Amino acid sequence: MKIIEYIPDFLKNIREFKIISNLEDKELENIKLQIDNILKEIIVNTSENYGLQRYEKIYNINDISNDIEIRRFNIISKINNKIPFTYKWLDNKLKQLVGENNYTIKIEYDNYKIIISIIYLFGEILDTIKKELEELLPANLIIQINLFSNCNIHIAGIIHEKQHIKLEVVR
């Protein structure tokens, strides 16, 4: 946007108006960039700096990572926490955290146990998932979290399918 275009024709050729309009153009461009940045920082998935800091302060997130994606993940986890716990809630929570088809849920009702298997690629955020589930799931449940590889491993002509690593969360 050029301010000079909005000035009457008989004033456009005056040197002072040209200088003033150029300075105003620069200021307006700066304001436009700041507004765009605010709109970017307000949304967690696009935020990179002070927006993340603000959300972390609001939700009392103290273990701040250097990785922006992990920080976003922690904030979104806190935003989407809802109680009471249901199977559908847990399914949606895991779908949101690790993506569809990257986990399985098995419930052993007689043993008061929930077994969650998460694809190995999400091992970095396992601690965050564990903390979230400990806070939100009923205290009488045993939570077992397994990591698994989704690919077949070929060693000396033998196929090993879906390797499992167990991590049991005991309260």
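Shown above is the structure to which this text applies.
Residues numbered from 1 in each chain as written. Predicted model: local features only at pLDDT ≥ 70, side-chain atom pairs only at ≥ 80, totals over all residues. Heavy atoms only, no water.

1. Observations regarding the overall build of the protein chain
- Summing up its helical and strand segments, the protein chain has six helices and six strands in all.
- Counting over 171 residues, the protein chain shows a buried share of 31%.
- When contacts within the protein chain are restricted to residue pairs at least 6 apart in sequence, those whose partners lie at least 24 apart make up 43%.
- Of the roughly 11,900 Å² of accessible surface on the protein chain, a fraction of 55% belongs to carbon and sulfur atoms. (Helix = DSSP H or I, 4+ residues; strand = E, 2+ residues; numbered from the N terminus. Buried < 20%, exposed > 50% of the residue type's maximum accessible area, 1.4 Å probe, protein only. Contact = heavy atoms within 4.5 Å. Areas by Shrake-Rupley, 256 points an atom, 1.4 Å probe, with all protein chains shown as cover.)

2. Concerning the nonpolar core
- Among the nonpolar cores identified, the biggest contains 22 residues, and Leu-90, Val-98, Ile-114, Ile-116, Ile-118, Ile-129 and Leu-133 are the most heavily contacted of them.
- Listed by contribution, the elements that provide at least two residues to this core are helix H4 (68-79), helix H5 (87-98), strand E1 (103-108), strand E2 (113-119), helix H6 (126-136) and strand E3 (142-148).
- Setting aside anything within four residues of it in sequence, one finds Ile-116 in contact with Leu-90, Leu-94, Thr-104, Leu-133, Gln-144, Ile-145 and Asn-146.
- The next biggest cluster of nonpolar side chains, apart from the first, holds six residues, and it includes Leu-52, Tyr-55, Ile-75 and Ile-76. (Core = buried A, V, L, I, M, F, W, Y, C linked by side-chain atoms within 4.5 Å.)

3. Here's the deal with H6
- Every buried residue of H6 is accounted for by Leu-126, Thr-128, Ile-129, Glu-132, Leu-133 and Leu-136. Angularly, the buried residues of H6 cover 160° about the axis, an arc narrow enough to put them on a single face. (Arc of directions from axis to C-beta.)

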